[in-house]
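Here is how the chains run, residue by residue.
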Amino acid sequence: MNSALLEELITKYRENKLAHAYLIETNNLTAALEDLKEVIKNLNCPHTYQTNCHDCNLCNLINLSNLPSLKIIEPDGPFIKKNQIEELKSDFASIPLYSRYNIYILKNAEKLNSSSANAMLKFVEEPTPGIIGFFLTTNKDIMIDTIKSRCQSYTLNYPVNTLQESLNLDDETYHSYLDFVKNYLDYIFSSNIINHKNIFLNQYSDRHDIEIIFKLILAIYHEHFLKLTNRSYQSDIINIYPLTANIPEIIKKMQIISQFLTNLRYNVSVELILDKFVLEMRGNYE
Ligand SMILES: [Zn+2]
């Protein structure tokens, strides 16, 4: 945990100056939630808090998501539902026994639907002393305004592993793969694809190279998918190969690329799966 926001929360808590609701936009919901739990443990641990305390009942209850005064709400299906908010309200009707505050965290707060947001609104409009809320989202632009306007707003971003790092490639190798990917995609979507196998295999015939190239292609589609579904995405990867496809098309193509990678691992003939890949990417799904 290493963030000015989290340290600020700890200081404000000690000074009794916490706001009643925080909106935190993050590029990594899981990490943000874990860090918030660390803050809450830090503030409530009866010992001098050490990261990952397993020595006290309170930290153990938080680790097990069983502390009555800490409620973490995640979408139940596509939305956070009204009954989840009603349940929270009744759970928090009494004062906390083991901690100073009752704290709720909404993960994917943008997934409040209109009825659950209405139920939530009362909570943030007329805050009950002793209750503090955290609304975590990857995109505050799609959050309901009435809630957003009643929260203190922060950003909590984490470093992202670049694709180049995750594939463990030096600059020159990475860029030569990328140049190839661009030309190859242009070619297989062009009108004349008669040489597609030669174009590929004359330059890269080793299965390891082929695997990296298809991982790059998959990453391009995946980042476009993240962008289209309003999630945080890496624009440098999107810029490698701009796409105009819609969400269902992109999902279909991600399936085709993943299937290629699976077949490649099973030692199926590369020529055969390249043929299948090109036909399917061009829209012949049979
Ligand atoms: Zn502890």
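Going by the structure above, here's the rest.
All values derive from a computational prediction rather than experimental measurement.

Colleague: Could you give me a rundown of a nonpolar patch on the surface, with the residues and numbers involved?
Modeller: Among the surface-exposed residues, Leu228, Ile247 and Ile251 lie close enough to one another that they form a single nonpolar patch of about 210 Å² accessible area. With respect to the helices, strands and loops of the structure, Ile251 is situated in helix α12 (residues 247-265).

Colleague: Got a sec to walk through the layout of surface pockets? Specific residues and values, please.
Modeller: In this model, the largest pocket occupies a volume close to 210 Å³. Looking at the largest pocket, it is lined by 13 residues, and the ones nearest its centre are Asn108, Glu110, Lys111, Thr138 and Arg231. Residue composition of the lining of the largest pocket, grouped by class: 2 nonpolar, 8 polar and 3 charged. Volume-wise, the second largest pocket comes out at about 170 Å³. Considering the residues around the second largest pocket, the lining is formed by Asn27, Asn28, Tyr158, Pro159, Val160, Glu223, Ser232, Tyr233 and Gln234. By residue class, the composition of the lining of the second largest pocket is 4 nonpolar, 4 polar and 1 charged.

Colleague: Lay out the nonpolar core in plain terms, naming residues and giving numbers.
Modeller: Tyr184, Phe200, Ile213, Phe214, Leu216, Ile217 and Phe277 are the most contacted members of the largest nonpolar core, which has 42 residues in total. Of all the elements, helix α10 (residues 207-228) adds the most residues to this core, at 10 residues. Within the second largest apolar cluster, 34 residues are counted, among which are Leu5, Ala19, Val39 and Cys53.

Definitions and limits used
Residues numbered from 1 in each chain as written. Predicted model: local features only at pLDDT ≥ 70, side-chain atom pairs only at ≥ 80, totals over all residues. Heavy atoms only, no water. Patch = residues over 30% accessible without salt bridge, like charges linked within 9 Å, V, L, I, M, F, W, Y side chains within 5 Å. Areas by Shrake-Rupley, 256 points an atom, 1.4 Å probe, with all protein chains shown as cover. Salt bridge = Lys/Arg side-chain N within 4 Å of Asp/Glu carboxyl O. Helix = DSSP H or I, 4+ residues; strand = E, 2+ residues; numbered from the N terminus. 1 Å grid on protein atoms, 1.4 Å probe; cavity = no way out; pocket = protein on both sides within 12 Å on 5 of 7 lines; lining within 4 Å. Points joined across faces, edges and corners; volume = space filled by probe spheres on them. Nonpolar A, V, L, I, M, F, W, Y, C, P; charged D, E, K, R; others polar. Core = buried A, V, L, I, M, F, W, Y, C linked by side-chain atoms within 4.5 Å. Buried < 20%, exposed > 50% of the residue type's maximum accessible area, 1.4 Å probe, protein only.

Keep in mind these numbers describe shape, not what the thing actually does.
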